[in-house]
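# Tertiary structure, described
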Amino acid sequence: FRRVLVSGELALALVLLIGCGLMVRAFWKLQAVDPGVDPRNVITMRVTLPRGSYPKPENTDRFWTQLEEKLNRMPGVETAGLATGLPPIRPAIMNDVTIEGFVVKPGGPIQNVDYWQIVNKDYFKAMGVRLLAGRFFEAGDGPKSSEVAIVNRAMEQTFWPGQSAIGRRLKTDQTWITIVGVVDDVKNAGVEKPAGTELYLPLLQPTGSGSRTVYMTLRAKGNPTPLIGEARRAVQEIDSAIPVANVQLMDDVLADAEARPRFLALLMTVFSGVALTIATVGIYGVISYSVARRSKEFGLRMALGAKRSDVLGLVMKQGVMLTVIGITAGLGLAFGLTRLMATLLYAIKPTDPPTFTVVPLMLAAVALLASYIPARRATTVDPMQSLRYE
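The rules we used
- Residues numbered from 1 in each chain as written.
- Predicted model: local features only at pLDDT ≥ 70, side-chain atom pairs only at ≥ 80, totals over all residues.
- Heavy atoms only, no water.
- Helix = DSSP H or I, 4+ residues; strand = E, 2+ residues; numbered from the N terminus.
- Rg over C-alpha atoms; globule rule 2.2 N^0.38 Å.
- Buried < 20%, exposed > 50% of the residue type's maximum accessible area, 1.4 Å probe, protein only.
- Contact = heavy atoms within 4.5 Å.
- Areas by Shrake-Rupley, 256 points an atom, 1.4 Å probe, with all protein chains shown as cover.
- Lys, Arg positive; Asp, Glu negative; His and termini not counted.
- Charge placed at Lys NZ, Arg CZ, Asp CG, Glu CD.
- Polar contact = N/O pair within 3.5 Å; in protein donor to acceptor, adjacent residues only side chain to side chain.
- Salt bridge = Lys/Arg side-chain N within 4 Å of Asp/Glu carboxyl O.
- Patch = residues over 30% accessible without salt bridge, like charges linked within 9 Å, V, L, I, M, F, W, Y side chains within 5 Å.
- Core = buried A, V, L, I, M, F, W, Y, C linked by side-chain atoms within 4.5 Å.
- Pairing = 2+ DSSP bridges.
- Expected span 1.5 Å × (residues − 1).
- Phe/Tyr/Trp six-rings, centres within 6.5 Å; stacked < 30°, edge-to-face > 60°.

Across its full length, the chain holds 11 helices and 13 strands. In summary, the chain has a C-alpha radius of gyration of 32 Å against a globular reference of 21 Å for 390 residues, an excess of more than 25%. Counting every position in the chain, which comprises 390 residues, the buried fraction comes to 46%. Within the chain, contacts between residues at least 6 apart in sequence are counted, and of these 81% link residues at least 24 apart. As presented, the chain carries roughly 19300 Å² of accessible surface, and 59% of it is formed by carbon and sulfur atoms. Averaging the positions of the 43 positive and the 33 negative side-chain charges in the chain gives two centres separated by 10 Å.

Rendered as structure tokens:
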């Protein structure tokens, strides 16, 4: 019964350790994911304009124009961006568009864009978003000029695969908008999720006009923290009733986006450590108990000519048997149960070969070490004492 319990402990410990290994490997891979932005020296804040004070689009546009001018004049600011959404965690909008010349095919993409982002001309530089083709928005892209847009790489590859999106046109309401630039993908629904299609529109052109909630993204020349007070003063100089909320370093925003996988990896690590400790103590206890009961037998064996290595091998054989049974059963359970973790893993298969190779070897080493200590003690039995006893 004791041997069954120890083998079961080893099997369950292996399942937890493999789950922990998968989570940790997935989290490491998540750390290497490019979010599409450069968070260094960037601080973000949210400003919301009340409808009662700013009933018309021209009222909100005037506020954002004044705010942009004040932010760019602040000492220590390298670039000031304004945007209606803050990656990497923002909900998808999934609005329909009309794409000139695009023909919907069965099983192909529909004329729908996942993410819509309304930004000022300096947003891309403030967030470190890379330009792949064309140009960024410019000061001339105002309310009286032809409407323009920028798309991300995913949108270009979705609707114009193998072609350039520059110069293509799309329509959101009644106005045709010309695409003037293509930027790299930015993570939106979470760092671990694939980038969706994204359309960027200028903050002051008619299609993007009237936005009430905007995130300030300030790229500092050095430490961005001192900019918090200056940014608040800039907002209050325009309207003292407008608060500044959600002040965060962009590094912290990205760290918060990884909080769930980080917590799951930590939780699995704690449970795995507890399981490994229990299994180690269990196999150590069983072997120690066996050695204590058979100490006189070992003494007689050595008195009759058995070598210490023979006694060591005899005891280790029991430990090896328990380890093999436990690990074999644990691998069978792990192959079945880790498939339930598929949705929690990033870029890692539930049957990841390195994890299923390294973890059992590690557990076997720990279990055999726990067996070796009492087995070594068995070889120190004095044969003469055993003979006197008999």
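Moving on, there is more to tell.
Another aspect to go through is the side chain of Thr-338. By secondary structure assignment, the location of Thr-338 is in the loop between α9 (308-337) and α10 (353-378). Looking at Thr-338, its side chain comes within polar contact range of the main-chain oxygen of Ala-334, at 2.6 Å. Once you skip the residues sitting within four places of it in the chain, Thr-338 turns out to touch Ile-18, Leu-22, Pro-350 and Phe-356.

Further remarks concern the pattern of salt bridges. Under the definition given, this model contains 17 salt bridges. The partner of Asp-352 in a salt bridge is Arg-25, and the shortest N-O contact between them spans 2.7 Å. Taken together, the positions of Asp-352 in the loop between α9 and α10 and Arg-25 in helix α1 (residues 2-31) put the pair 327 residues apart, joining distant regions of the chain. Relative accessible area serves as the criterion here: at 7%, Asp-352 is assigned to the buried category. Here Asp-184 ties to Arg-130 by a salt bridge, and the two come within 2.7 Å at their closest N and O atoms. Of this pair, Asp-184 sits in the loop between β10 (176-183) and β11 (198-202) while Arg-130 sits in the loop between α3 (123-127) and β7 (131-134), placing them 54 residues apart in sequence. A residue is classified by how much of its surface remains accessible, and Asp-184, at 7% relative accessible area, is buried. Classification of Arg-130 as partly exposed rests on a relative accessible area of 36%.

This brings us to the side chain of Arg-219. Inspection of the secondary structure assignment puts Arg-219 in strand β12 (residues 213-220). A polar contact is formed between the side chain of Arg-219 and the backbone oxygen of Asp-38, at a distance of 2.6 Å.

Further remarks concern a nonpolar patch on the surface. A contiguous nonpolar patch, built from Leu-12, Leu-333, Leu-337 and Leu-340 and spanning about 400 Å² of accessible area, is present on the exposed surface. Secondary-structure assignment places Leu-333 in helix α9.

The biggest cluster of nonpolar side chains holds 43 residues, and the ones touching the most others in it are Leu-71 and Met-216. It is helix α5 (residues 227-238) that provides the largest number of residues to this core, a total of 5 residues. In contact with Met-216, not counting residues within four places along its chain, are Ile-43, Thr-44, Met-45, Val-47, Leu-67, Leu-71, Gly-81, Leu-82, Ala-231, Val-235 and Val-244. Of all hydrophobic cores here, the second largest spans 41 residues; its members include Leu-17, Phe-298, Ala-370 and Ala-378.

Here the bond from Pro-87 into Pro-88 is cis, since omega is 10°, no more than 30 degrees from zero. Tracing the chain through its elements places Pro-88 in the loop between β2 (77-83) and β3 (95-96). Phi at Asn-41 is positive, roughly 60°, even though this residue is not glycine. Owing to a relative accessible area of 35%, Asn-41 belongs among the partly exposed residues under this scheme.

A word on the pairing of β12. Of all 8 residues in β12, 7 are buried, a share of seventy percent or more. In this structure, strand β1 (residues 42-48) lies alongside β12, joined through 7 bridges in antiparallel fashion. Bridging across to β12, Val-42 finds its partner in Arg-219. The pairing of β2 with β12 spans 6 bridges and is classified as antiparallel. Bridge pairing in β12 links Leu-82 to Met-216.

A separate point is helix α2 (residues 57-73). Along its 17 residues, α2 runs 25 Å from first to last C-alpha, staying within 8% of the 24 Å computed at 1.5 Å per residue. Considering only its buried residues, α2 is in contact with β1, β2, β12 and α5.

Turning our attention to the packing of aromatic side chains. Counting across every chain of the model gives 9 aromatic pairs. Between the aromatic rings of Phe-159 and Trp-160, the centroid separation amounts to 6.0 Å while the plane-to-plane angle is 65°, which identifies the pairing as edge-to-face. You can call Trp-160 buried: its relative accessible area is 4%. Through successive ring pairs, a cluster of aromatic residues spans Tyr-123, Phe-124, Phe-136, Phe-137 and Tyr-200.

On a regular strand, each side chain points to the face opposite its neighbour's, so the side chains alternate between the two faces of the sheet. Among the 5 residues of strand β6 (residues 115-119), 5 are classified as buried, and the element is accordingly described as predominantly covered. On β6, burial covers both faces: Tyr-115, Gln-117 and Val-119 on one face and Trp-116 and Ile-118 on the other are all buried.

Everything listed is a geometric property; what it means functionally is a separate question.
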